[in-house]
Amino acid sequence: SHKGAPRESGSEMLRCQLDAVRPDPAAVLAEELRLRLRVLPLRLCLDQHNLDFLASFFAVAAPPEDDWTAAQKHGSDQGAATRAGGDIAQETDAIGRAPDQEEPPLESLVYFQRCEVDQGRVRVDYRPRRVDYAAIYQGNYAELVNLIPWDGITLKLKPVVATGVHGWAGVASAVCGEWLEDVTANQRHKFVQGMAPVKSLCSLGKGAAQLVQQPYQQYRRDGRLLRGVRKGAEIFLRSVTLEALGLGAQVAGGAHHVLERAEVALQSSSKGATSRQSSSRSSLNAAPTEGSPSRIHTEDTTAGLMEQQEPSGAKEGFAQAAATLSKGLGSGAAALVHDPMKAYKRGASPGTIFVSALKSVPRAAVTPATAMAAAVKQTLVGVRNGMNPEKL
């Protein structure tokens, strides 16, 4: 819920009312629909990987040439040519379709008399992962969205009423088109305010304005100027603290991302070295079975440690940080011991075991550092969310 749009506890997230009416009782298949949709405020925590997946999943392919529309067009052209010669080749049924023609798709038979979607609200958080600079140079300016994270963009979705729409795809297109037009015309400034640096400056500016606004309002109310100064200072210090915690969480998250990539690169190089050693001994030793110790161990990476729900308070943040740090230290110790033990079980020489242990040292050092960065971010986010529950 939102302080500007509170909701009743236990209310449904989605309420859909769909009525089917038949204007002509004699036409069994001529049903028309009336739809009313109501959705509670939503929060979308989007990642660039999730957005790429959704874009590829919902990509609409071009319809095939032999679909019902092409068949209907071909049949109408053939019928017109036959009538021009004075000979009627075939009769059509009640809906204008030839007897030997394919059944029309169900989507084309759905007709909406009226579709009403009530006013909604959506909050969007977007985390970019990479930027395709080559696409920007080629003119794809939509890639500029991935330059900066977007935080807390709250959009109001106006109520939409559509009449005389064919198919569910037509309904979705009409509603989304109205929303996109309204957001583009009236809410463009929210995307600028949602940029992380601009959002921090706006929050600090609002807090600084309270240093003047609160004393003025308090003095006009009851003449107690010092009380207004104290209240304004509290609001300003709270905004500064929240932004400092958010900035620290972003820095820790960036450090975690860099260290995570370094850890994956070290693990990949370790896999490559192990694979080359195995292939050099393949002529002397039999191929290992599925449960043999020469299989590559990949479970001790810290990738994805922060892929969980944000902590709602300081206590939950400390608990998640402790679990993350414990897992990272365990993974670092396993990385330091695993490769030498694997070489020892293969009967390698002491020199080979020592070299394997040295190769495991960089990864064993990076893994706890990655977990530490993730733990710091989780702690700061938990403290921030405890001070500002609306951030959740």
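Coordinates for the structure precede this section.
Throughout what follows, the structure given in this document is the object of discussion. (Residues numbered from 1 in each chain as written. Predicted model: local features only at pLDDT ≥ 70, side-chain atom pairs only at ≥ 80, totals over all residues. Heavy atoms only, no water.)

### Considerations on the pattern of salt bridges
Item 1. On inspection of all chains with the given rule, the structure shows seven salt bridges.
Item 2. Among the ionic pairs, Lys 158 bridges to Glu 178, the shortest N-O distance being 3.3 Å. On the criterion of sequence distance, the pair formed by Lys 158 in the loop between strand E6 (150–157) and strand E7 (160–166) and Glu 178 in helix H5 (residues 167–186) is long-range, its members being 20 residues apart.
Item 3. On the accessibility criterion, Lys 158 (30% relative accessible area) is partly exposed. (Salt bridge = Lys/Arg side-chain N within 4 Å of Asp/Glu carboxyl O. Helix = DSSP H or I, 4+ residues; strand = E, 2+ residues; numbered from the N terminus. Buried < 20%, exposed > 50% of the residue type's maximum accessible area, 1.4 Å probe, protein only.)

### Thoughts on the environment of Arg 227
Item 1. With respect to the helices and strands, the residue Arg 227 is situated in helix H8 (residues 225–280).
Item 2. Contact partners of Arg 227, with chain neighbours within four places excluded, come to Gln 218 and Asp 222. (Contact = heavy atoms within 4.5 Å.)

### Concerning the sheet that holds strand E5 (residues 120–127)
Item 1. Spatially, E3-E5-E6 is the arrangement adopted by the three strands of the open sheet, whose pairing is mixed. On the outer flanks of this sheet lie strand E3 (42–47) and E6, each paired with one strand and no other. Direction aside, the axes of adjacent strands within the sheet are offset by 20° on average.
Item 2. As judged from the six bridges shared by E5 and E6, these two strands associate in the antiparallel manner. When the sheet's bridge partners are listed, Tyr 126 is paired in E6 with Trp 150. (Pairing = 2+ DSSP bridges. Axes fitted to C-alpha atoms, helices over the stretch in contact; angles between N-to-C directions.)

### Remarks on helix H7 (residues 196–222)
Item 1. With 27 residues, H7 should reach 39 Å at 1.5 Å per residue; the first-to-last C-alpha distance of 39 Å fits that figure.
Item 2. The sharpest bend along H7 measures roughly 35° and falls at Gln 210.
Item 3. Two residues or fewer past H7, Gly 223 is found with a positive phi of approximately 80°. (Expected span 1.5 Å × (residues − 1). Bend = angle between axes of the 7 residues up to and from the residue.)

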